[in-house]
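# A structural walkthrough
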Amino acid sequence: MQEQTDLFGLPIPSTDKVFLTFVIIHILIALVAVISGVVAMLSEKARGNHTLFGKIYVWAMLSSFLFVIILAVMRWPHNIHLLLIGFFASGCAFAGYRISKSGRKRWTRPHTILMGLSYILLLTGFYVDNGRNLPFWNQFPQLFFWVFPSAVGIPIIIRVLATHPLNRTR
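Notes on the structure follow. (Residues numbered from 1 in each chain as written. Predicted model: local features only at pLDDT ≥ 70, side-chain atom pairs only at ≥ 80, totals over all residues. Heavy atoms only, no water.)

Glancing now at the overall build of the protein chain. Along the protein chain, the regular secondary structure elements total 5 helices and 2 strands. Listing the helices and strands of the protein chain from first to last along the sequence gives β-β-α-α-α-α-α. For the protein chain, the C-alpha radius of gyration of 17 Å lies close to 15 Å, the compact-globule estimate for 170 residues. Viewed in the frame of its principal axes, the protein chain has a C-alpha envelope of about 60 × 30 × 25 Å. A total of 170 residues make up the protein chain; the buried ones form 36% of that total. In the protein chain, once contacts between residues fewer than 6 apart in sequence are set aside, the share between residues at least 24 apart is 53%. Here the protein chain displays about 10,500 Å² of accessible surface, and carbon together with sulfur accounts for 68% of that area. (Helix = DSSP H or I, 4+ residues; strand = E, 2+ residues; numbered from the N terminus. Rg over C-alpha atoms; globule rule 2.2 N^0.38 Å. Buried < 20%, exposed > 50% of the residue type's maximum accessible area, 1.4 Å probe, protein only. Contact = heavy atoms within 4.5 Å. Areas by Shrake-Rupley, 256 points an atom, 1.4 Å probe, with all protein chains shown as cover.)

Listed below in structure tokens is the structure:
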């Protein structure tokens, strides 16, 4: 049986202090992404809080992915699935950010889709890795953690595309 460390109530499959340090940094940066993402989503879509917290979200996602790469290499091949989720999550966030800066017409729809998918993938990575260890959530099968964020998030994205004034097609 592999040695593990209890970190914030979650079992981490390592006792290596360097690995655990990277895990803690990754967790803190990912929390910044979760919080800034929610603030950006709920803010008025204009310069100000939306753009500020959107930038924080993108930088947190890219920084968090850097630590995912390090952690995946340190535990190769056990975390390949998390590396792939992180790749797509940070890629969507970066692409969504770049589209908002492109000056193209009708950029808001792809921006909404990409940023929404990025957030869904962020939560998917968290639940896939930790869901089985969380109270209440531990009652669900592993497949649930792969599907649940998309099952909630995709209808929200569709609703925003259909109802938000910046996303309505003319």
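With that out of the way, let us pick up the packing of aromatic side chains. Counting across every chain of the model gives 16 aromatic pairs. Cluster of aromatic residues (ring-pair linked, three or more members): F126, Y127, F136, W137, F140, F144, F145 and F148. (Phe/Tyr/Trp six-rings, centres within 6.5 Å; stacked < 30°, edge-to-face > 60°.)

So, about the nonpolar core. In terms of nonpolar packing, the biggest core is built from 12 residues, these being I29, A33, Y57, V58, A60, M61, F67, A89, A93, M115, Y119 and L122. Those elements that place two or more of their residues in this core are α1 (17–42), α2 (49–74), α3 (80–100) and α4 (108–130). Not counting chain neighbours up to four residues away, the residues in contact with F67 comprise F22, I25, H26 and I29. (Core = buried A, V, L, I, M, F, W, Y, C linked by side-chain atoms within 4.5 Å.)

Below, the discussion takes up the side chain of S118. Summarising the element assignment, S118 is placed in helix α4. Apart from residues lying up to four places away in sequence, S118 is in contact with Y57, M61, A89, C92 and A93.

A few words on the side chain of T124. Residue position: T124 is located in helix α4. Assessed through its relative accessible area of 4%, T124 is described here as buried. Ignoring any residue separated from it by four or fewer positions in sequence, one finds T124 in contact with I85, F145, W146 and P149.

So, on to the packing of α4 against helix α5 (residues 142–163). Direction vectors running N to C along α4 and α5 enclose 160 degrees, while the axes themselves pass 9 Å from each other. What the angle tells us is that α4 and α5 run roughly antiparallel. For the crossing formed where α4 meets α5, the hand is right-handed. Facing R109, T112, I113, G116, L117, I120, L123, T124, Y127 and V128 of α4, the residues of α5 in contact are Q142, F145, W146, P149, S150, G153, I154, I157, V160 and L161. (Axes fitted to C-alpha atoms, helices over the stretch in contact; angles between N-to-C directions. Parallel < 35°, antiparallel > 145°, perpendicular 65-115°, else oblique. Left-handed = near helix turned anticlockwise from the far one by under 90°.)

What follows covers unusual backbone geometry. Following W76, the chain continues to P77 via a peptide bond in cis, the omega torsion being 5 degrees. Here P77 is to be found in the loop between α2 and α3. Unusually for a residue other than glycine, F8 sits at a positive phi of about 55 degrees. Relative to the assigned elements, F8 resides in the loop between β1 (5–7) and β2 (10–12). You can call F8 exposed: its relative accessible area is 61%. Phi is positive for R106, close to 55 degrees, though the residue is something other than glycine. On the secondary structure map, R106 appears in the loop between α3 and α4. Judged by its relative accessible area of 65%, R106 falls in the exposed class.

Take a nonpolar patch on the surface next. On the surface, W76, I80, L84, F87 and F88 cluster together to form a nonpolar patch covering roughly 520 Å² of accessible area. Under the relative-accessibility criterion, I80 is labelled partly exposed at 31%. (Patch = residues over 30% accessible without salt bridge, like charges linked within 9 Å, V, L, I, M, F, W, Y side chains within 5 Å. Salt bridge = Lys/Arg side-chain N within 4 Å of Asp/Glu carboxyl O.)

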